[in-house]
Structures are given as C-alpha cells and as structure tokens.
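What follows is each chain in one-letter form.
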Amino acid sequence: MNNNFSAGPHGASPLASPISCDRSHQNYDICSINGPTVLDPTQSTFYVVGPTSPTPLVEKVRPYPQKNSSFTIERVKEVTLTSGPPGPLCRVQHKAPALVFSGGGFMYNFFHTFIDGFIPLFITINSVSPDDQDFVFVIVDHQDWWVRKYIDFLRSYSKHPIINLDNDTSTHCFPSATVGLISHGFMTIDPKLMPNPKAPFHFHSLLEKTYCHPHTLPISATVKYRPRLVIMSRSGGGGRVILNQPEVRKAAEEEGFEVIEFEPGNRTPLQQGCELISSSEVMLGVHGAALTYMWFLRPPSVLIQVVGIGLEKVAELCFGAAARDMGLDYMEYRIGLEESSLVDRYGKDDVIVKDPNSLQFEWYDQIMEVFLKKQNVNLNMVRFRKYLKIAYQKAKIAMVKEG
C-alpha cells in the first residue's frame with residue numbers, strides 16, 4: 001500500500017479483508033476495520049462485526065507516528081484489531097467512524113505536538129476521508145492537560161466527545177475505524193501523497209481559522225506603521241540563549257522595526273501566539289521548539305533561524321524546508337565559531353567546535369546534550385545587522401502585500 005491510504009466506507013473494497021494494515025513506512029503503521037466494529041476500551045480492542053473468516057485475523061498497532069524510535073514507540077499503548085471471536089455487546093452507538101491516535105510519546109513538547117500530532121492528524125483526515133471529515137477521536141495515552149490545551153484544534157475536526165481509551169469502560173460501536181496517523185516526515189505535508197491534495201498553506205489556514213481572532217487582543221488592534229519583528233526569547237538552562245539579545249533588539253529598532261520579545265511556555269495560549277505572530281512580518285529565533293510558531297506567520301513573512309554549531313542539518317530538517325514549503329521568506333544565520341559558547345567550554349581547537357559533523361554520536365541524546373543544551377550564542381552585530389537590513393526590506397514588501 002502507498003501513502004494514499006483509505007479506510008472506512010469511503011475507501012473499502014468489497015473484496016478486501018475487513019481488517020487492513022499498511023506497515024510499509026518508516027515513521028508509522030496504520031490499520032483499519034472497513035466496516036462495523038465494536039470497541040472494548042477495557043481491552044483496547046476493536047472487534048469486527050458480522051461474518052468473518054474461520055481463522056480470526058489479529059493486528060496490533062501503536063498509533064504514534066514515530067515507530068522508528070524504539071525508545072518512544074515502546075511507551076505507546078498497543079491497540080488490537082481482530083475479526084474474532086465476536087466482541088461484546090454495544091452500549092454506545094456512533095454514526096461517525098473512529099480515528100485512534102496516541103496523546104503520549106513526546107507530545108509534551110510543542111514541536112512534537114505538531115510533527116507527531118497536528119500535522120499527521122491533518123494529513124490522515126484528508127487522506128482517509130477527504131470528502132466526509134467527521135470522526136470520533138479515540139485517544140490512547142490520554143493526557144488531560146494536552147487535550148485541554150489543544151481542544152480548539154481537535155474540535156476543528158470533530159465536535160463529538162473524545163473517548164479516553166485509558167479509562168473508558170463502555171463499549172462503543174462505529175461504522176468503521178482507523179488506528180494510527182499518517183506522517184510525511186518532519187514538518188512535512190506533501191500534496192502528491194494525498195488523494196485530496198492539501199498543501200502546507202491549507203494547514204496554516206486551518207491554524208489561523210482556529211486560533212487567530214482579529215481584534216480580540218490589544219496587540220492586533222493597533223495600527224502598524226513599522227514592520228514588526230518578534231524575537232523568540234529563550235532563558236533558563238535549556239541552551240540556545242541569545243546572550244546579547246538587548247543589542248539585537250536595539251539594532252533591529254534602529255533598522256526601523258517594531259520589536260516584541262516573546263517567550264512562550266507550556267501555559268501560553270495558542271490564541272496569544274497566533275495573534276502576535278500572524279500580525280508580524282518577521283520572526284527571529286535560535287533553532288528550537290519555539291520556532292514551531294512559524295506556522296502562524298502569513299506568507300510572504302520572513303523567518304530568520306539562527307543556527308548554532310553542529311545544528312545545520314537538523315535546522316533544515318525541522319524548520320528550513322517547511323518554511324519554504326509554506327511560502328515564507330526563509331533566512332538562515334549560521335553562527336561562526338566566535339559566536340558560540342562552545343568555544344569557551346571546549347576550546348576553539350576541539351573537534352566538537354572545529355568539525356562537529358565528523359562526530360559519530362550513537363544516541364541523539366548526546367547531540368541534544370552538547371549542541372542544543374550546552375550551546376548559547378553571542379551574535380556578531382556587525383555581521384548580523386546585514387541580515388536585519390535585508391529582513392527589513394523584505395518586511396516592507398510583505399506589509400505592502402498585506403495591504
């Protein structure tokens with residue numbers, strides 16, 4: 001099977017098995033029951049309803065699109081699909097099909113909420129049922145805080161009560177069920193892999209419709225005469241702090257920007273972030289999860305990603321390619337050795353500083369520890385001001401296009 005996976009009444013074939021699975025992809029498995037099914041939450045099992053083959057078919061899937069990460073996927077609850085024996089009697093009848101996914105894994109991280117949750121959910125719904133996007137969400141590894149924080153996005157696709165597979169005890173009947181989410185890769189939405197092609201712009205529009213409410217916050221109610229630049233601030237012990245951020249702000253203001261410093265946290269409402277970022281022409285930040293807010297930028301706004309030593313590949317993978325795909329004007333500022341705090345820690349002649357790409361790290365955690373958590377930046381203002389000048393001209397053009 002390919003990425004054009006279809007399930008339920010919209011994609012079922014009269015010759016197909018009632019249970020089908022696609023396990024051919026690096027990042028995810030996805031299975032479906034293409035007909036009536038009963039869910040027993042106490043067993044995390046979907047049972048086929050109706051005639052089945054003499055030999056029961058059993059499939060198990062962990063519905064989280066990071067199957068290539070054994071550390072993560074082994075902590076995701078397994079869901080079973082079976083054609084026998086007959087399941088329990090139904091207590092709650094649903095007219096819409098079930099869509100099952102995990103709220104666990106790395107979902108506590110804002111970046112992973114997008115690459116493992118929001119974007120795969122967008123892709124799956126537009127692949128499995130592009131014409132009738134009505135589902136009952138069934139969440140395993142349910143986290144109350146996560147559902148509460150992102151309920152507006154979930155409600156944009158389903159108005160039905162969410163079923164918590166971890167503590168529900170009632171049996172549920174569905175016309176069909178899909179277990180798992182489709183992923184096209186890190187921050188990737190590939191229209192060519194979808195039966196009803198959707199581009200990153202469509203995902204941006206969904207986010208804007210869900211979270212941006214014009215004139216509800218003072219920041220969006222003010223008339224702008226200068227392009228706005230948002231600095232995604234970082235503080236604390238997580239690394240990638242701009243050590244001379246006051247100088248960066250002063251230089252940006254001197255170039256003509258209105259500058260706002262924004263440091264989102266776990267409790268920051270997405271409405272606040274959307275209002276601020278969507279009303280700005282430039283977003284600037286060091287590589288990190290906060291750059292995920294770029295999805296709220298309106299093309300052709302500018303994203304400036306400051307890339308630390310050893311982070312060139314991951315910066316492109318996580319944000320560079322996605323920014324260009326969604327029509328942003330992407331600028332990348334790769335710091336020099338003298339701008340990295342790693343020089344003070346290891347010395348300028350250490351291989352970590354001179355040739356980080358030659359290192360063979362066995363575990364990703366080691367890369368995280370050195371290049372992400374131990375590295376801060378002190379930007380060369382003579383060099384960086386040139387980027388600000390270019391960004392200002394691009395921002396003025398964006399303001400004209402915005403009207």
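This one's a predicted model, so the numbers in the text were calculated from it and none came from an experiment. (Residues numbered from 1 in each chain as written. Predicted model: local features only at pLDDT ≥ 70, side-chain atom pairs only at ≥ 80, totals over all residues. Heavy atoms only, no water.)

**Q** Let's hear about the overall build of the chain: which residues, and what values?
**A** Helix and strand content of the chain: 13 helices and 17 strands. Oriented by its inertia axes, the alpha-carbon framework of the chain measures out at about 75 × 50 × 35 Å. Of all 403 residues assigned to the chain, the portion counted as buried reaches 53%. Summed over all atoms, the accessible surface of the chain reaches about 18,000 Å², with 53% contributed by carbon and sulfur. For the chain, the distance from the average site of its 39 positive side-chain charges to the average site of its 41 negative ones is 3 Å. (Helix = DSSP H or I, 4+ residues; strand = E, 2+ residues; numbered from the N terminus. Buried < 20%, exposed > 50% of the residue type's maximum accessible area, 1.4 Å probe, protein only. Areas by Shrake-Rupley, 256 points an atom, 1.4 Å probe, with all protein chains shown as cover. Lys, Arg positive; Asp, Glu negative; His and termini not counted. Charge placed at Lys NZ, Arg CZ, Asp CG, Glu CD.)

**Q** Lay out the side chain of Thr80 with the relevant residues and their values.
**A** Following the sequence through the fold, Thr80 ends up in strand 6 (residues 79-82). Residue Thr80 is classed as buried on the basis of its relative accessible area of 10%. Only 3.0 Å separates the side chain of Thr80 from the side chain of Lys60, close enough to count as a polar contact. (Polar contact = N/O pair within 3.5 Å; in protein donor to acceptor, adjacent residues only side chain to side chain.)

**Q** Please provide a residue-by-residue account of the packing of helix 2 (residues 110-128) against helix 5 (residues 200-211), values included.
**A** Between helix 2 and helix 5, the least distance of the axes is 10 Å, while the angle of their chain directions is 100°. Put simply, helix 2 runs roughly perpendicular to helix 5. Taking contact as the criterion, the partners of Phe114, Phe118, Ile119 and Phe122 in helix 2 are, on helix 5, His202, Phe203, Leu206, Leu207 and Tyr211. Across the contact of helix 2 with helix 5, the residue classes break down as 8 nonpolar, 1 polar and no charged. (Axes fitted to C-alpha atoms, helices over the stretch in contact; angles between N-to-C directions. Parallel < 35°, antiparallel > 145°, perpendicular 65-115°, else oblique. Contact = heavy atoms within 4.5 Å. Nonpolar A, V, L, I, M, F, W, Y, C, P; charged D, E, K, R; others polar.)

**Q** I'd like a rundown of the confidence of the model for the chain, residues and numbers included.
**A** With 91% of its residues at a pLDDT of at least 70, the chain reaches an overall mean of 90. Across residues 6-15 the pLDDT falls below 50, and counting only partners more than four positions away or on other chains, this stretch makes 14 contacts in the model. Between residues 215-221, whose pLDDT stays under 50, and residues either more than four places distant or in other chains, the model counts 12 contacts. (pLDDT = per-residue confidence, 0-100.)

**Q** I'd like to hear about the sheet that holds strand 1 (residues 19-22), residue by residue, with values.
**A** Judged by pairing direction, the sheet is mixed, and its 6 strands sit side by side in the order 1-2-12-8-9-10 without closing on themselves. Both edges of this open sheet fall to strand 1 and strand 10 (163-164), since each of them pairs with a single strand only. Pairing geometry for strand 8 (residues 98-102) and strand 9 (residues 136-140), over 5 bridges, is parallel. Counterpart to Val100 in the pairing with strand 9 is Val138. Contacting strand 2 (30-33), strand 8, strand 9 and strand 12 (177-179), helix 2 crosses the sheet at an angle of about 155° to strand 8. (Pairing = 2+ DSSP bridges.)

**Q** A description of the domain arrangement of the chain should follow, citing residues and the corresponding values.
**A** As assigned here, the chain comprises domain 1 (19-198) and domain 2 (228-402). With centres defined by C-alpha atoms, the gap from domain 1 to domain 2 works out at 34 Å. With 13 residues of domain 1 at the interface, the matching set in domain 2 holds 14 residues. Between domain 1 and domain 2 lies a buried interface of about 1,100 Å² when both sides are counted; carbon and sulfur atoms form 71% of it. (Domains from an automatic or database assignment. Buried area = accessible area lost by both parts, 1.4 Å probe.)

**Q** Let's hear about the pattern of salt bridges: which residues, and what values?
**A** The final tally for this structure, using the stated rule, is 18 salt bridges. We note a salt bridge from Arg385 to Glu255, for which the minimum N-O separation is 3.0 Å. Note that Arg385 is positioned in helix 13 (residues 381-402) and Glu255 in helix 7 (residues 245-255), a separation of 130 residues in sequence. Among the residues examined, Arg385 registers a relative accessible area of 26% and is labelled partly exposed. Under the relative-accessibility criterion, Glu255 is labelled buried at 15%. Its salt-bridge partner being Arg334, residue Glu332 comes within 2.7 Å of it at the nearest N-O pair. (Salt bridge = Lys/Arg side-chain N within 4 Å of Asp/Glu carboxyl O.)

**Q** Residues and numbers for the packing of aromatic side chains, please.
**A** All chains considered together, the criterion is met by 23 aromatic pairs. With a centroid separation of 5.6 Å and 85° between ring planes, the pair formed by Phe262 and Tyr293 is classed as edge-to-face. With Phe262 in strand 14 (residues 258-262) and Tyr293 in the loop between strand 15 (282-286) and strand 16 (302-307), this residue pair connects regions lying 31 residues apart in the sequence. Of the two residues, Phe262 and Tyr293, both sit in the buried class. Taken together, a centroid distance of 5.0 Å and an interplanar angle of 85° make the contact between Tyr333 and Phe384 edge-to-face. Here the residue Tyr333 occupies a position in strand 17 (residues 329-334), and Phe384 occupies one in helix 13, the gap between them amounting to 51 residues. According to the relative accessible area criterion, Tyr333 is buried, its value standing at 0%. Of note, Arg75 hangs over the ring of Phe71, and the distance from its end group to the ring centre comes to 4.2 Å. (Phe/Tyr/Trp six-rings, centres within 6.5 Å; stacked < 30°, edge-to-face > 60°. Lys NZ or Arg CZ within 6 Å of the ring centre and 35° of its normal.)

**Q** Give a detailed account of helix 5, specifying residues and quantitative values.
**A** For helix 5, with 12 residues, the first-to-last C-alpha span of 17 Å sits near the 16 Å given by 1.5 Å per residue. Where helix 5 is concerned, the buried positions are Pro200, Phe203, His204, Leu206, Leu207, Thr210 and Tyr211. Buried residues in helix 5, looked at end-on, bunch into an arc of 160°, giving them a common side. Here the buried face of helix 5 lies against helix 2, helix 4 (151-155), helix 8 (270-278) and helix 9 (312-325). (Expected span 1.5 Å × (residues − 1). Arc of directions from axis to C-beta.)

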